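Next come the chains, spelled out residue by residue.
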Amino acid sequence: MQESGASMVDPINDIRIIGVITVTCLLGISLAGMEWESKAQVIFFLVIMISFVNYFVGTVIPATPQKQARGFFSYRADIFAANFVPQWRGPDGSFFGMFSIFFPSATGILAGANISGDLRDPAVAIPRGTLMAIFWTTMSYLLISSTIASCVLRDASGSMNDSVPISDTGNCVGLGCRYGWDFSECTNNKTCAFGISNYYQSMSMVSGFAPLIAAGIFGATLSSALACLVSAPKVFQCLCKDRLYPFIGIFAKGYGKNDEPIRGYVLTYVIAICFILIAELNTIAPIISNFFLCSYALINFSCFHASITNSPGWRPSFRYYSKWLSLLGSVVSVIIMFLLTWWAALIAIGIVLFLLGYVLYKKPSVNWGSSVQASSYNTALSHSVSLNYVDDHIKNYRPQCLVLTGPPSLRPALVDFVSTFTKNLSLMICGNVVVAGPSPAATESAGSSSHVAWLNKRHVRSFYRGVVADDLRGGVQMLLQASGLGRMKPNVLVMGYKQNWNQDRPHCVENYVGILHDAFDLQYGVCVLRMKEGLDVSHSLQAHVNPVYESDIGLCPPPPLPANAILDPDALVAAPQTSTGFQSKQGKKTIDVYWLSDDGGLTLMLPYLLSRKKRWARCKVRVFVGGERQRMEEQKQEILALISKFRLGFHDVEVLPDIGGKPQTEHMKRFEDMLGPYRLNDGQKDSSAVEQLREGCPWMISDEELERNKAKSQRQVRLNEILLDYSRDAALIVLTMPVGRRGGCPSTLYMAWLETLSRDLRPPVLLVRGNQENVLTLYCQ
C-alpha cells in the first residue's frame, strides 16, 4: 500500500486496521473447526510453493536496467563473497539483534505437538512431521539467503542516472563499479534506498512476478498465525482442565465432537489484538523470542531430567537421541535468552519460577507421570538404602508409629493425635485390617488410593497399609512384621482403647490383648489412646457405612464378612471431614505424665515431642512419680536431676507417697463386680469341669489368678482415684501402661485393669509402655 501511495488513515493505523481484520478472519477459520483449518493450511502451502518457484525463476532471469539500478545483477560470485561476511549497521546492530528478529520465524516446530489430540497416530506423526518441518524449513531459509546474497548488492540507489561506462570507473567506489553502476554517493552518505541492507522488498524485485512474493509472504504469515491460534488454546485448555491455577477453569470447557476450546480461541484472539495494536513487529519479536527460548529450554531439560531418572517409561524412539545434547540445548537456550534481551530473559524466567512455585505450593491433584516423580522415587530409594549401612543410635531414635486406625476416616482423633508428634519428625503408617475372605470388594476396601486421598485432604503426613486377613490378630501380625522399608519401619504400635470390651464376644477381647503381647514380642513399644467420647465416628457416617459392618465396627468384626459388608472407601473420602480436639490449640493446660515404671523412656519422650508442637506449646508438663513420704523432697530432687540430664525441660515434678495405699471400698467393689461375669469360681465346681472350661474359655478368671494379681488390681483402682484427684482438668494424661504376664493374667482381668485405670476421666488418656529400649540420651556424646 505504501509503495502504491494508498492509505486508509496513516501507515501505523493502517497496520492496526488490517491486522485486526486479518486475525478476525483467522478466528473465524479456527471456530469453524480443524477440518477448515487443515484446508486453509493446504491452500497456504500451495501459495508458498508457487511463490518459491516464482522467486527462484526470477534469480536466473537476466536483470533489466531498472533492476540493476536497484542492485540486482543475477548470480555473481564476487557479490556472494562480499555479502558472505557480516556488516552490522546502526547502534544496536549485532548478530543477536538479528537473531531475535529472525527467530520467531522458526517457532512453528511445536505446532504438531500442540494439536496431538487431533492426530490419528501422534507417536509417529509428531516426530516425523517435526523433523521434516525443521529440515525443509532450514533448507528453504539457506537457499533463499544464499541465492539473494549471490544476486543483490548491499547498497544501491535505484537511480538510472548512476549508470557509468565500465571503462570510466576511476572515481567509483564499491562492487557496483564492476557492472557499470556508481553507487558511491549514496553509499558514502548512507542514503541508499535499495539493496538487501535497505530494501525490504528485495525478494519481490528479484522474482519473476512480484505480487506472487507478496502472496507467499501472506501465506507463510497466515499459516503460522493460524497454527498458533489453533494450537495455543488447545494447550491452554489442558492446563485449565488440570486446574493448576485459579480463575482459569472457565477456559477448560470444550464444544463439539472435537472438544474445541472456543473460549480459548477468543482469549488468544484478544491477546493477539493487543500485540497488533503495538504495530511494531521488531519491538515485539525479541520478547516473543525470549518466551519461546524459555519453553525450548524447559522442553530440553525435561528430556534430560527424564533420562537421568532412569524411569523405564522413558523410551525415546528417536535413534540419535542423546541426553547430553538435550542438556546442551537447554543451556544454550538460556544463554541466548540473556544475549538477546537480558531484562526480558529475567522477566520470562521470573514468570516461569513463579508459576512453578505456585504449583509446588498448591500441590494440585493431577498426575502426569512427570520426571519429578521419578526423581523423587530415586532419591527416596537411594536414601532408604543408604540407611542400611548405618547402625541405629540412641541419639537418632524417633517414635515411628504403626497406628491401627482401620479406615483412617473412621478414627480421625487417633490419626490427628499421632500426626501431632510425628509430622515432620518421624514415620507414621495407618494400618487397616479387613477381616474377610479374598474378594475384589475386600481388596478394594483395603486398597490405599481412597484412604491416602482422605489423609492428604486432612493434611496428615502418613502412609497407609491395608491387608485382608481371616481374623484381626493375624492381620495385625502381618502389619507388625511387614510394615516399613529397611530402617524406615515402625517401632511403636498405637491403637485405640476397646470401649465395648465387656459387651463384645470374649474371643475378641482375647485377640485384642493378644495383639499387645504380639507387639511386645516383636520389640514394639505400645500406646493405647482412650477418649471419653470414644474414637470411632462411624455413627456419624451411617450413610457411608454398611449396617452389617457398623454393628461390629470395633476391633473385632465377625469373620467372614460378606462382600456387601465392606466399607466403600470412596464414599468415606467424600464424607465431610470430622473435626477433633487435637486439631485446635490446647491453651494453658497441663500434660500430666505418670511415670510409674522405667520402660526405656518412651513415656517421657512422647510428652516432650508434643510440647514442641505449636498447638501444645503453652501446656505445662507435670511429671508424677511414686515415692515414700519420708523421702519426698529428696526423691523429687533426684527425679529433677535425672530429667535435667535427659534435657527434656520439665521442671514440675510431683512425688505421690500414697500411690501404694489401699483404694476405697466402694471402688474396689465396683472392680470386683466388673469381673463377675468372667469369674470361674473353681472352688465351687468339679475339677474336671473346671479344666474343660479353662481350655475352651481361657479368658475366664480363676480364684488363684485373682488372688495372685490382687495387689496389681488394687494398684489400678488406687491410681484411678489419684488421677481423678490430680488430673481432672489436664489436656492429656500420659500413663505408664500395666503389663499382664502371658499365661498368668487372663485377658478379661487385664482389660478390667485398663478400664478401671482410665474410667471417669474427662481428658484423653494415653497408656504407654516401651519395649525396654532406651530412647533418651543421658549425655550428648
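Residues numbered from 1 in each chain as written. Predicted model: local features only at pLDDT ≥ 70, side-chain atom pairs only at ≥ 80, totals over all residues. Heavy atoms only, no water.

Novice: Honestly, helix H16 (residues 412-422) in this entry has me stumped. Any pointers?
Specialist: Owing to its 3.6 residues per turn, the α-helix brings residues three or four apart onto one side. Across the eleven residues of H16, eleven count as buried, placing the element largely inside the fold. Those residues of H16 that sit buried are Pro 412, Ala 413, Leu 414, Val 415, Asp 416, Phe 417, Val 418, Ser 419, Thr 420, Phe 421 and Thr 422. Trailing H16 by a residue or two, Asn 424 shows a phi angle of about 60 degrees, which is positive. (Buried < 20%, exposed > 50% of the residue type's maximum accessible area, 1.4 Å probe, protein only. Helix = DSSP H or I, 4+ residues; strand = E, 2+ residues; numbered from the N terminus.)

Novice: Just to check I follow, could you spell out the pattern of salt bridges for this structure?
Specialist: A side chain of one charge can pair with a side chain of the opposite charge when the charged atoms of the two come close. One pass over the full model with this rule turns up 20 salt bridges. Here Lys 620 and Asp 652 are joined by a salt bridge, their closest N and O atoms 3.3 Å apart. Here Lys 620 is found in strand S7 (residues 620-626), whereas its partner Asp 652 is found in strand S8 (residues 652-656), with 32 residues between them in sequence. Its relative accessible area of 18% is what places Asp 652 among the buried residues. Between Arg 718 and Glu 721 there is a salt bridge, with its nearest N and O atoms 2.8 Å apart. Here the residue Arg 718 and the residue Glu 721 both occupy positions in helix H28 (residues 710-726), the gap between them amounting to three residues, near one helical turn. By relative accessible area, Arg 718 is classed as buried at 13%. On the basis of relative accessible area, Glu 721 is assigned to the buried category, the value being 5%. (Salt bridge = Lys/Arg side-chain N within 4 Å of Asp/Glu carboxyl O.)

Novice: Is there a simple way to explain the side chain of Asn 709 in this structure?
Specialist: Structurally, the position occupied by Asn 709 is in the loop between helix H27 (703-708) and H28. Of the polar contacts made by the side chain of Asn 709, one reaches the backbone oxygen of Gly 744; its length is 3.3 Å. For Asn 709, the residues in contact, after removing those within four places along its chain, are Gly 744, Cys 745, Leu 749 and Trp 753. (Polar contact = N/O pair within 3.5 Å; in protein donor to acceptor, adjacent residues only side chain to side chain. Contact = heavy atoms within 4.5 Å.)

Novice: What is the right way to read the nonpolar core from this model?
Specialist: For soluble globular proteins, the rule of thumb is that nonpolar side chains tend to be buried together. Judged by nonpolar contacts, the single largest core of 61 residues is most densely connected at Leu 493, Val 528 and Tyr 594. When residues no more than four places from it in sequence are discounted, the contact partners of Leu 493 are Leu 402, Leu 404, Leu 480, Ile 515, Ala 519, Tyr 524, Gly 525, Val 526 and Cys 527. In terms of nonpolar packing, the next biggest core, distinct from the first, is built from 50 residues, Cys 527, Leu 535, Phe 582 and Cys 619 among them. (Core = buried A, V, L, I, M, F, W, Y, C linked by side-chain atoms within 4.5 Å.)

Novice: Is there a simple way to think about a nonpolar patch on the surface in this case?
Specialist: A grouping of Ile 287, Phe 291, Val 334, Phe 338, Trp 342, Trp 343, Leu 346, Ile 347, Ile 351, Phe 354 and Leu 355 is seen on the molecular surface, where their side chains present a nonpolar patch of about 1000 Å² in accessible area. For the nonpolar patch, the secondary structure elements donating two or more residues are helix H12 (281-308), helix H13 (323-340) and helix H14 (342-362). A total of seven residues in the nonpolar patch trace back to one element, the largest contributor, which is H14. By secondary structure assignment, the location of Trp 342 is in helix H14. Residue class for Trp 342 comes out exposed when judged on its relative accessible area of 54%. (Patch = residues over 30% accessible without salt bridge, like charges linked within 9 Å, V, L, I, M, F, W, Y side chains within 5 Å. Areas by Shrake-Rupley, 256 points an atom, 1.4 Å probe, with all protein chains shown as cover.)

Novice: Would you mind showing me how to read the state of the cysteines here?
Specialist: A covalent bond between the sulfur atoms of two cysteines is referred to as a disulfide. Applying the stated criterion across every chain, the model contains one disulfide. For the unlinked cysteine Cys 25, the closest cysteine sulfur is that of Cys 228, found at 18 Å. The exposure class assigned to Cys 25 is partly exposed, which follows from its relative accessible area of 48%. Left unpaired, Cys 619 is separated from the closest cysteine sulfur, that of Cys 527, by 18 Å. (Disulfide = S-S within 2.5 Å.)

Novice: Even after reading the chapter, I still don't get the packing of H12 against H13, so can you show me in this structure?
Specialist: Relative placement of two packed helices is described by the angle separating their axes and the distance separating the axes. It is at 8 Å that the axes of H12 and H13 come closest, and there the two elements cross at 155 degrees. Relative to H13, the element H12 lies roughly antiparallel. Between H12 and H13 lies a crossing whose hand is left-handed. Note on element contacts: H13 touches H12 through Lys 323, Trp 324, Ser 326, Leu 327, Gly 329, Ser 330, Ser 333, Val 334, Ile 336, Met 337 and Leu 340, opposite Ser 289, Asn 290, Leu 293, Cys 294, Tyr 296, Ala 297, Asn 300, Phe 301, Cys 303, Phe 304, Ser 307 and Ile 308. A per-class count over the contact of H12 with H13 returns 14 nonpolar, eight polar and one charged. (Axes fitted to C-alpha atoms, helices over the stretch in contact; angles between N-to-C directions. Parallel < 35°, antiparallel > 145°, perpendicular 65-115°, else oblique. Left-handed = near helix turned anticlockwise from the far one by under 90°. Nonpolar A, V, L, I, M, F, W, Y, C, P; charged D, E, K, R; others polar.)

Novice: Just checking my understanding: could you explain the environment of Phe 96 for this structure?
Specialist: In this fold, Phe 96 is placed in helix H5 (residues 95-102). Taking relative accessible area as the criterion, Phe 96 reaches 27% and is therefore assigned partly exposed. In the structure, Phe 96 is positioned 378 residues away from Gly 474 in sequence and 72 Å away in space, judged by C-alpha atoms. Look past the residues within four positions of Phe 96 in its chain and what remains in contact with it is Ile 336, Leu 339 and Leu 340.

Novice: What's the story with unusual backbone geometry in this structure? I'm lost.
Specialist: What you tend to see is this: most non-glycine residues have negative phi, and most peptide bonds are trans. Within the chain, Asn 424 stands out as a residue other than glycine whose phi angle is a positive 60 degrees. Mapped onto the elements, Asn 424 comes out in the loop between H16 and strand S2 (428-435). A positive phi angle is found at Gln 772, which is not glycine, with a value near 75 degrees. Mapping Gln 772 onto the fold places it in the segment after strand S10 (765-769).

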